[in-house]
Amino acid sequence: MTRASLDKQPHEVAAMFDDVAANYDLTNDVLSLGQARLWRKAVARAVAARPAERVLDLAAGTGTSSLPFAAAGAYVVPCDFSIGMLREGKKRHPRLPLTAGDATKLPFADEVFDAVTISFGLRNVHDTDAALRELLRVTKPGGRVVICEFSQPTWAPFRTVYTEYLMRALPPVATAVSSNPDAYVYLAESIRSWPDQPALAGRLQGAGWSKVAWRNLTGGIVALHRGTKPTG
């Protein structure tokens, strides 16, 4: 079994996700107490994919997150650097053009996507700022980015309860439902060390995105950040 460390070496993170690919979607539903599905719906609404648009779904895993974009009539490219996840996704969704790629060196030309999105994956990238710049590079001028990521609950008492859940309740629950419980210990640690909402917004702006804003989901457990690629 493989567990990545917080320096997020790409080979460690990829191997860890390879290990959990088969039960990944189910495990997420259990650990999030069913909220994961609601978060995916919020992402789909925020991206607002339209027919014939090109959408990049980065860190797409098995491709589950890409299905709403395809249903909207967009040409969606699910991209992930875990080959195990992509193999599992190909079994489930053979029509999706699942693509292997590193978030810091995307295998796409400049300015080809109308929208780019990444859900619960940016936190696992070795170089966050490089990934945000790469997303900007492959987006058309005027195109949009939507990032869904764990964040910091806004109400202090709830933040304390949430932190306790992450560090105490999550590992035993993961032991019961996951093929690699240690991967979910890494998950808890990576959430605790991740920047809060304003800090991530600042990094988006620093990478060149404009009109950056965010909206909290589930009391700030998760935040949806949005931005637009400047046209000038």
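Everything quoted here is computed from the prediction, not taken from an experiment.

Asker: So what about the nonpolar core? Which residues, and what values?
Answerer: Grouped together as the largest cluster of nonpolar side chains are 27 residues, with contacts concentrated most on Leu 56, Phe 108, Leu 135 and Trp 209. Among the elements that line this core, the one with the most residues is helix H6 (residues 128–137), at four residues. Once residues lying within four places of it in the same chain are set aside, the contact partners of Phe 108 are Leu 56, Val 77, Cys 79, Thr 99, Phe 113, Arg 137 and Val 138. Among the nonpolar cores identified, the runner-up in size contains 26 residues, and Ala 49, Val 76, Tyr 162 and Val 222 belong to it.

Asker: How would you summarise the sheet that holds strand S5 (residues 139–150) if you had to cite specific residues and measurements?
Answerer: Taken in spatial order, the seven strands make up an open sheet running S3-S2-S1-S4-S5-S7-S6, and their pairing is mixed. Single-partner strands in this sheet number two, and they are strand S3 (99–100) and strand S6 (210–217). Taken together, the four bridges between strand S1 (residues 54–58) and strand S4 (residues 113–119) define a ladder with parallel strand orientation. Of the residues in S4, the one forming a bridge with Leu 56 is Val 116. Contacts from helix H3 (residues 35–47) reach S4, S5, S6 and strand S7 (222–228), with the element oriented near 165° to S5.

Asker: Before we move on, can you summarise the pattern of salt bridges with the specific residues and values?
Answerer: For the structure on display, the rule yields 10 salt bridges. Among the ionic pairs, Arg 92 bridges to Glu 88, the shortest N-O distance being 3.3 Å. With a gap of four residues between them, Arg 92 and Glu 88 both fall in helix H5 (residues 83–92), about one helical turn apart. By relative accessible area, which is 16% here, Glu 88 ends up buried. Between Glu 149 and Arg 123 there is a salt bridge, and its shortest N-O distance comes to 2.4 Å. Of this pair, Glu 149 sits in strand S5 while Arg 123 sits in the loop between S4 and H6, placing them 26 residues apart in sequence. Residues Glu 149 and Arg 123 agree in their burial class; the two are buried. Overlapping salt bridges bring together Arg 50, Glu 53 and Arg 144 as one network.

Asker: So what about a positive patch on the surface? Which residues, and what values?
Answerer: A cluster of basic residues, Lys 41, Arg 45, Arg 215 and Arg 226, forms a positive patch at the surface. The residue Lys 41 is located in helix H3 in this model. A relative accessible area of 51% means that Lys 41 is categorised as exposed.

Asker: Give me the lowdown on the packing of aromatic side chains, citing residues and values where you can.
Answerer: Counting across every chain of the model gives four aromatic pairs. Consider the rings of Trp 39 and Phe 120, whose centres lie 5.7 Å apart with planes at 45°: the pair is tilted. Here Trp 39, found in helix H3, pairs with Phe 120, found in the loop between S4 and H6; they are 81 residues apart in sequence, far enough to count as distant. A residue is classified by how much of its surface remains accessible, and Trp 39, at 6% relative accessible area, is buried.

Asker: Explain the pairing of S5 to me, using residue names and the numbers behind them.
Answerer: Taking burial as the measure, the 12 residues of S5 include nine buried ones, the bulk of the element. Bridge count for S4 against S5 is six bridges, and the pairing is parallel. Looking across to S5, one finds that Ser 119 is bridged to Cys 148. What joins S4 to S5 is H6, and the crossover it makes is right-handed. Inspection of the sheet shows S5 paired to S7 by seven bridges, in the antiparallel sense. The residue bridging Val 146 from the neighbouring strand is Arg 226, located in S7.

Asker: Pulling in residues and values, what's your account of the environment of Cys 148?
Answerer: Tracing the sequence through the fold places Cys 148 in strand S5. Remark: the alpha-carbon pair of Cys 148 and Ala 223, spanning 75 residues in sequence, is separated by 5.9 Å.

Asker: Report on helix H9 (residues 197–206), specifying residues and quantitative values.
Answerer: Residues of H9 that are buried include every one of Gln 197, Leu 200, Ala 201 and Leu 204, and no others. Burial along H9 is one-sided: seen end-on, the buried residues are contained in an arc of 105°. Looking at the buried side of H9, the elements it contacts are H6, S5, S6 and S7. Its side-chain oxygen 3.1 Å from the backbone nitrogen of Ala 199, Asp 196 forms the N-cap of H9.

Asker: Go over the side chain of Arg 123, please, and point to the residues and values.
Answerer: Assessed through its relative accessible area of 2%, Arg 123 is described here as buried. Side-chain polar atoms of Arg 123 contact the side chain of Glu 149, separated by 2.4 Å.

About the thresholds
In every chain, residue numbers begin from 1 and rise along the written sequence. A pLDDT threshold of at least 70 governs which residues receive local features in this predicted model, and a stricter bar of 80 or more applies before side-chain atom pairs are shown or counted, although totals over entire chains, interfaces and linings include all residues. Water and hydrogen atoms were dropped before computing side-chain values, which therefore reflect all heavy atoms in the structure. By nonpolar core we mean a set of buried residues, namely Ala, Val, Leu, Ile, Met, Phe, Trp, Tyr and Cys, connected to one another through side-chain atoms within 4.5 Å. Relative accessible area decides the class of each residue, using a 1.4 Å probe on protein chains only: under 20% of the type maximum gives buried, over 50% gives exposed, and in between gives partly exposed. Numbering of helices and strands starts at the N terminus; helices are DSSP runs of H or I of at least 4 residues and strands are runs of E of at least 2. Contacts are assigned to residue pairs with any non-hydrogen atoms lying within 4.5 Å of each other. For two strands to pair, DSSP has to find at least two bridges joining them. Fitted lines through C-alpha atoms give the axes, limited to the stretch in contact for helices. The angle between two N-to-C directions lies from 0 to 180 degrees. In the sections that follow, a salt bridge refers to a side-chain nitrogen of Lys or Arg positioned within 4 Å of a carboxyl oxygen of Asp or Glu. Nonpolar side chains (Val, Leu, Ile, Met, Phe, Trp, Tyr) within 5 Å and like charges within 9 Å form the patches, drawn only from residues with over 30% relative accessible area and no salt bridge. Exposure was quantified through the Shrake-Rupley algorithm and a 1.4 Å probe, taking into account, for residues, occlusion by the shown protein chains and nothing else. Charge assignment in this entry is limited to Lys and Arg as positive and Asp and Glu as negative, and neither His nor the chain termini are counted. A charged residue contributes its charge at one atom only: NZ of Lys, CZ of Arg, CG of Asp or CD of Glu. Ring geometry is summarised as follows: Phe, Tyr and Trp rings, the Trp one being its six-membered ring, pair when their centres sit within 6.5 Å, and such pairs are stacked at plane angles under 30 degrees, edge-to-face over 60 and tilted between the two. Look down the strands so they point away from you; if going from the first strand over the helix to the second traces a clockwise path, that crossover is right-handed. The arc in question is the one traced by the directions running from the helix axis out to the C-beta atoms. Residues adjacent in sequence count toward polar contacts only when both atoms are side-chain atoms; beyond that, a polar contact is any pair of N or O atoms within 3.5 Å, and within protein one must be able to donate a hydrogen and the other to accept it.

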